[in-house]
Amino acid sequence: MEGKSPSKRCCCCTSPKSWMCTALVLLLVSIAFWTQAIWALALYQSLTPVYQELDCSLVNPKVTDFSLNLLNFWVDLETGTACYNPNSYSLTMESVGPMNVYMGDGFEKVATVEDIEKSVLDADSKGGITANVHIQPTSSTWGAVSEAVEDAIAGRETPIYLGMNIGLDVNVDLIFGKMQIQKTFDRKCGFNIKTHFFKVLVGPMACAEKWELINLPPVSNEPFDGKLDLDAEKLAPEEIEKGETLKNWGLGAAMGTGFFFGILFLTFSLYCVYRAYRAVKRLEPSISARNLEMRANQGNEPPTLINRKQSQEEDKIGSKGSKVAIEESNEEELA
């Protein structure tokens, strides 16, 4: 400790190089906080509002296969739900439980659909779930199916009813917590079918909250509007409010700390650059004095190897010149 002077330690700690290294480290830390703040701001804007209502509609049923004769009768139908997800995150839709199918005015169960795959709706994209219904008479359903066969032969309409249970699963990470919405939308729907020249025609689908409230439209060529009301904010107001609170607190804290520390460390970095500049200015007089001293000492130093060679060459040239002068004087005397 005694061998080191305080001036040396101070010079080492406040050298321009040290200040610039510190400024670089602080600048990198500032960039990291600025990146956090900008990311949180972009995420906050994309999650405002935290949930947007899905635009869902029923897919009008269509017949994929059909058979009608004296020995056998069956029909295959395809229906489902199509949705557009306007949110900035993905969510999952699926059919909760089996879908029961009923036929005729007696409302007899003729089929059950269980294998319905769930669908993942990506952010700002379309998707949906599809159900394939196969109706074929059995000993327990022959009454309803035989009635449908009679209606088909007579050209009358036969009602078909579907019990649809749609599950909506929303799971969003909001830094300080998660917004989770798991709700089921129960819909009772139905439509009419009839045959025309051995071709099955399907009417528009109608839905209601109760079976007795369904008013089935007749089979026609009118456009089908199967819009569904799947507003989760009406069914899950507490979850939506909790999600808004988590978004505001979590992303607000991320933005606040990011901008505050980003500006703070950027200020420290600029201060270190200023101190480095001051340190360079402070060292300039001593560097100039040292250069002058070195130039002054160069005159008193012994000649270098190159200077010695130059002096030897000058001596040779001088000796040659003296010899030439002596020879000229001798020639003059002889003359």
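Our subject is the structure listed above.
Before going into details, it helps to say that this report is about the structure given with it. Bear in mind that the values here come from a model prediction, so they are computed numbers and not experimental data. (Residues numbered from 1 in each chain as written. Predicted model: local features only at pLDDT ≥ 70, side-chain atom pairs only at ≥ 80, totals over all residues. Heavy atoms only, no water.)

Here we look at helix α2 (residues 16-46)
Quick reminder of the rule: Elements are defined by DSSP. Helices are runs of H or I of four residues or more, strands are runs of E of two residues or more, and each kind is numbered from the N terminus. To estimate how far a helix should reach, multiply one less than its number of residues by 1.5 Å. Only protein chains enter the calculation, and the probe is 1.4 Å; a residue is then buried if its accessible area is under 20% of its type maximum, exposed if over 50%, and partly exposed in between.
For α2, built from 31 residues, the straight-helix expectation of 45 Å at 1.5 Å per residue is met to within 8% by its first-to-last C-alpha distance of 45 Å. Within α2 the residues assigned to the buried category are Trp-19, Ala-23, Leu-26, Ser-30, Ala-37 and Ala-40.

What about the pairing of strand β9 (residues 178-195)?
Inclusion rule: Any two strands between which DSSP finds at least two bridges are classified as paired.
In terms of strand pairing, strand β8 (residues 158-173) meets β9 through 16 bridges, oriented antiparallel. Across the sheet, residue Thr-158 finds its bridge partner in β9, namely Ile-193. Note: β9 against strand β11 (residues 206-208), three bridges, orientation antiparallel. Looking at β11, one finds that Cys-189 is bridged to Cys-207.

Some points on the packing of aromatic side chains
How we decide: Stacked, tilted and edge-to-face pairs are distinguished by plane angle, under 30 degrees for stacked and over 60 for edge-to-face with tilted covering the rest, among Phe, Tyr and Trp rings (Trp via its six-membered ring) whose centres lie within 6.5 Å. Lysine NZ or arginine CZ positioned within 6 Å of the ring centre and within 35 degrees of the ring normal marks a charge as sitting over the ring.
Taken as a whole and judged by the stated rule, the model has nine aromatic pairs. Judged by centre distance (6.4 Å) and plane angle (90°), the ring pair of Trp-19 and Tyr-271 falls under edge-to-face. Remark: Tyr-271 occurs in helix α5 (residues 237-300) and Trp-19 occurs in helix α2; sequence separation between them is 252 residues. The buried category is assigned to Trp-19, whose relative accessible area is 15%. Its relative accessible area of 42% is what places Tyr-271 among the partly exposed residues. Residues Tyr-102 and Trp-211 carry aromatic rings whose centres are separated by 5.7 Å and whose planes lie at 75° to one another, so their mutual orientation is edge-to-face. Here the residue Tyr-102 occupies a position in strand β4 (residues 99-103), and Trp-211 occupies one in the loop between β11 and β12 (227-228), the gap between them amounting to 109 residues. Taking the relative accessible area as the measure of exposure, Trp-211 reaches 24% and is therefore partly exposed. Taken together through their ring pairs, the aromatic side chains of Phe-33, Phe-260, Phe-261, Phe-265 and Phe-268 make up a single cluster. It is Lys-247 that lies over the ring of Tyr-44; its NZ or CZ is 4.7 Å from the centre.

Describing a nonpolar patch on the surface
Counted only if it meets this: Note that patches include only residues with greater than 30% relative accessible area and no salt bridge, and the join distances are 9 Å for like charges and 5 Å for nonpolar side chains (Val, Leu, Ile, Met, Phe, Trp, Tyr). To measure how exposed things are, a 1.4 Å probe is used in the Shrake-Rupley method; for residues, cover is taken only from the protein chains shown. Criterion for a salt bridge: a side-chain nitrogen of Lys or Arg within 4 Å of a carboxyl oxygen of Asp or Glu.
Among the surface-exposed residues, Leu-24, Leu-27, Leu-28, Ile-31, Leu-266 and Leu-270 lie close enough to one another that they form a single nonpolar patch of about 530 Å² accessible area. Secondary structure elements with two or more residues in the nonpolar patch: α2 and α5. Examining the composition of the nonpolar patch, we find that four residues originate from one element, α2, more than from any other. If you trace the backbone, Leu-270 turns up in helix α5.

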